[in-house]
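Take a look at the letters that make up each chain.
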Amino acid sequence: MPTYNAASLSTSLCPTAARAMEAYGGADLWLSASHIEAVVSVTGLAWWLKMRRPVPSTRLRIDLHAPHVRLDPVDRTGLIGILDGKNAILEDPSGRVVARRENAGKYFPGGRRIFYWDSLDLAYFAGHAMWNYFTFPRQLIRSDIQWKEVTEGVLEAHFSPDLPTHSPVQRFRFDPETHLLCRHDCTLEAVGPWAKVTQVVNHYREREGVPYFGLRTVYFRRRDDSQVPWPTLIVGRVLDWKICSTP
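Residues numbered from 1 in each chain as written. Predicted model: local features only at pLDDT ≥ 70, side-chain atom pairs only at ≥ 80, totals over all residues. Heavy atoms only, no water.

S.K.: If you had to explain the packing of aromatic side chains to someone new, which residues and values would you point to?
M.R.: Note on aromatic pairs: each is described by the distance of the centres and the angle between the planes. Across all of its chains, the model carries 13 aromatic pairs by this definition. On the basis of an interplanar angle of 50° and a centroid distance of 4.9 Å, the ring pair of Trp117 and Phe125 is categorised as tilted. On the basis of relative accessibility, which here comes to 3%, the residue Trp117 falls in the buried class. Judged by its relative accessible area of 3%, Phe125 is buried. What links up through ring pairs into an aromatic cluster is the set Tyr24, Phe136, Trp147, Phe172, Phe174 and Tyr204. (Phe/Tyr/Trp six-rings, centres within 6.5 Å; stacked < 30°, edge-to-face > 60°. Buried < 20%, exposed > 50% of the residue type's maximum accessible area, 1.4 Å probe, protein only.)

What follows is the structure, encoded as structure tokens:
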């Protein structure tokens, strides 16, 4: 497990990162929490392009310390998808492992995955996406992600190759008033190197005083970083959310 910069947190965060951390409830909260539990509904063109039918909703359990996510269910057969590091696993409702793929990301994006994703592919893609989205701002104090303040209100993240994520370099933009994340730019490398996207993050809600996003909408991004308004690739709605401090 990677180490964290908790001891020097107050001085190690750049101004934009420090404001974001405070806006999301403060470092003490995110250092003491163990996991996130959430219910999401995800639809959009990207699913249909890979010949997948979205499930009505999925219950998530997301480890804040390491890339481990449980998606129940991951597909319409009722199987449970698990991201365990870089590995994808499928379990039946009784907890029996029915399929496993080591280092699942290495198989993307070529071959039949250009046209079709199986349930292990879906577990890997949705698993690392959910882990990246829901563990922010905990990511700000990971030693295996390097952060740079590009300009006030904009952070650039460089992810370690050991982490499952969309692309090695990503940009995060924050609302100048609330200091909450409002835009996330990356490349969906599991889809293809051409899949440069902007994710609009909004509809924030609160639970016990802690804000969380209610809607994340993914669009293509032009070379000048402007958003292509159509088509909508992915729409993710958060139906329930809580941060937990128990194992």
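S.K.: I'd like to hear about the nonpolar core, residue by residue, with values.
M.R.: Ile36, Met130, Phe134, Leu140 and Trp241 are the most contacted members of the largest nonpolar core, which has 68 residues in total. By residue number, the principal contributor to this core is helix 5 (residues 119-134), which donates eleven residues. Filtering out sequence-adjacent residues up to four positions away, Phe134 remains in contact with Trp30, Ile36, Ala38, Val40, Leu60, Ile62, Leu64, Phe213, Val238 and Trp241. (Core = buried A, V, L, I, M, F, W, Y, C linked by side-chain atoms within 4.5 Å. Helix = DSSP H or I, 4+ residues; strand = E, 2+ residues; numbered from the N terminus. Contact = heavy atoms within 4.5 Å.)

S.K.: Please give an account of helix 5 that cites residues and values.
M.R.: Counting along an α-helix, one turn takes 3.6 residues, and residues three or four places apart therefore face a common direction. Helix length check: helix 5, at 16 residues, gives a terminal C-alpha distance of 21 Å against a target of 22 Å (1.5 Å per residue), a fit within 8%. You can read the cap of helix 5 off the contacts: a side-chain oxygen lies 3.1 Å from the backbone nitrogen of Leu120, and it is on Asp118. (Expected span 1.5 Å × (residues − 1). Polar contact = N/O pair within 3.5 Å; in protein donor to acceptor, adjacent residues only side chain to side chain.)

S.K.: Go over the pattern of salt bridges with me, naming the residues and quoting the values.
M.R.: On inspection of all chains with the given rule, the structure shows 17 salt bridges. Residues Asp121 and Arg112 are paired through a salt bridge, measuring 2.5 Å at the closest nitrogen-oxygen approach. Connected through shared salt-bridge partners, Arg101, Arg112, Arg113, Asp118 and Asp121 make up one network. (Salt bridge = Lys/Arg side-chain N within 4 Å of Asp/Glu carboxyl O.)

S.K.: Quick rundown of helix 2 (residues 15-23)? Include the residues and the values.
M.R.: Within the span of helix 2, buried status applies to Thr16, Ala17, Ala20 and Met21. All buried residues of helix 2 fall inside an arc of 130° around its axis, so they share one side. Structurally, helix 2 contributes buried residues whose contacts are with helix 3 (27-32), strand 7 (145-151), strand 8 (154-159) and strand 9 (169-174). Gly25 lies just past helix 2 and shows a positive phi near 115°. (Arc of directions from axis to C-beta.)

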